[in-house]
Amino acid sequence: MTERQKFPIPSAEREDVEEALGLLWYQRELGVTDGATLRGALHAAGSPEGFDRLVRHGFVREESDHVLLTSSGDELARDVTRRLRLAERLLTDVLSLDRSAVDPNACVLEHTISPEVTESICTLLGHPVECPHGHTIPPGECCGRKDGRLSPIVVPLSRLAVGESGRVAYLQLKDHPELHRLLALGVIPGAPVHLHQTFPAFVVEVGESQLALESSIAARIFVRRAEESKIS
């Protein structure tokens, strides 16, 4: 007979609070802090009582029509945003889910993954700084520590060893002048890559093309290591 222990899942109210704080964090990234706009955003997101709930829990306060996160609100908003965006990266880069399935599943995971699992996901993904939508992932303690307890499977191209292969996971080159040239050359998510040399430039085989890249560009192309994706 196997004894099983039940662990509590977040309450519906806890999920609503985290959803509301995540939305306020995102709006703050956009520079939106006025109370009327934020109340409207929460209402539009299906949480008409969300703002008052955050006030009641002491997560936000208003000053001169502007909404400020309290220290506890800021901490929780940062944490849930980090969990959501890491979950999006995991579902996209490792599980290769269709984009239509990423958002709803990430929205479920953000409320249930523990701090330990969050750190492991971050390490596994090589401490990414952006989610698939291009938004900043708040760093965690593991990002500064980078203790290597878990080998990342998604790493910058610049960290591959000569002879190593993989597939492009994503490009961290938003608004970079090289982005469109690389995309035109076939450096796109899913493309197989094989690293031939690292000095004086990174020489990589991408599909049928061979490219020479500066180290600063190679450091912003993230590759999923996988034995089965090696180019023969």
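This text goes with the structure placed above it.
Computed from a prediction, not measured in an experiment: that's the story for all the values here. (Residues numbered from 1 in each chain as written. Predicted model: local features only at pLDDT ≥ 70, side-chain atom pairs only at ≥ 80, totals over all residues. Heavy atoms only, no water.)

**Here we look at the overall build of the protein**
For the protein, the count of helices and strands is 9 helices and 8 strands. For the protein, the spread of C-alpha atoms along the principal axes amounts to about 60 × 60 × 35 Å. When burial is assessed residue by residue, the protein has 41% of its 232 residues classed as buried. Considering only contacts in the protein between residues 6 or more positions apart, those separated by 24 or more positions represent 66%. Total accessible area computed for the protein in this model is approximately 13,000 Å², and 53% of it derives from carbon and sulfur atoms. Positive and negative side-chain charges in the protein, numbering 25 and 34 respectively, have mean positions lying 4 Å apart. (Helix = DSSP H or I, 4+ residues; strand = E, 2+ residues; numbered from the N terminus. Buried < 20%, exposed > 50% of the residue type's maximum accessible area, 1.4 Å probe, protein only. Contact = heavy atoms within 4.5 Å. Areas by Shrake-Rupley, 256 points an atom, 1.4 Å probe, with all protein chains shown as cover. Lys, Arg positive; Asp, Glu negative; His and termini not counted. Charge placed at Lys NZ, Arg CZ, Asp CG, Glu CD.)

**Concerning the pairing of strand β6 (residues 202-206)**
When you tally the buried positions in β6, you get 4 out of 5 residues, the bulk of the element. One ladder, built from 4 bridges, connects strand β5 (residues 192-197) with β6; its direction is antiparallel. Within β6, the residue paired with L195 across the bridge is V204. Two successive antiparallel strands, β5 and β6, enclose a turn made up of 4 residues. Of the pairings in the sheet, the one linking β6 to strand β7 (residues 209-213) comprises 5 bridges and is antiparallel in character. (Pairing = 2+ DSSP bridges.)

**Overview of the side chain of R82**
Looking at where R82 falls in the secondary structure, it is placed in helix α4 (residues 71-94). Within the buried core, R82 has no salt-bridge partner, and the shortest N-O distance to an opposite charge, that of D79, equals 5.5 Å. Among all residues touching R82, those that are not within four sequence positions of it are T118, E119, C122, I137, P138, P139, G140, C142 and C143. (Salt bridge = Lys/Arg side-chain N within 4 Å of Asp/Glu carboxyl O.)

**Things to note about the packing of aromatic side chains**
Describing an aromatic ring pair means giving the distance of the ring centres and the angle of the ring planes. One pass over the full model with this rule turns up 1 aromatic pair. Measuring from centroid to centroid gives 4.7 Å for Y170 and F222, while their planes differ by 5°, and the two rings are stacked. Of this pair, Y170 sits in strand β4 (residues 165-171) while F222 sits in strand β8 (residues 221-225), and the two are 52 residues apart along the sequence. With respect to burial, Y170 and F222 carry one shared label: buried. Taking NZ or CZ as reference, R28 lies 4.7 Å from the ring centre of W25, over its face. If you follow R89 out to its NZ or CZ, it ends over the ring of Y170, 3.4 Å from the centre. (Phe/Tyr/Trp six-rings, centres within 6.5 Å; stacked < 30°, edge-to-face > 60°. Lys NZ or Arg CZ within 6 Å of the ring centre and 35° of its normal.)

**Some remarks on the sheet that holds β7**
The antiparallel open sheet is built from 6 strands, whose spatial order is β3-β8-β4-β5-β6-β7. In this open sheet, the two edge strands, each paired with only one partner strand, are β3 (154-156) and β7. For this sheet, the mean inter-axis angle between neighbouring strands, taken without regard to orientation, is 40°. Relative to β5, β4 runs antiparallel, the two being bridged by 3 bridges. From the neighbouring strand, G166 faces β5, where its bridge partner is V193. Helix-sheet contacts for α4 involve β3, β4 and β8, and the interaxial angle to β4 is about 140°. (Axes fitted to C-alpha atoms, helices over the stretch in contact; angles between N-to-C directions.)

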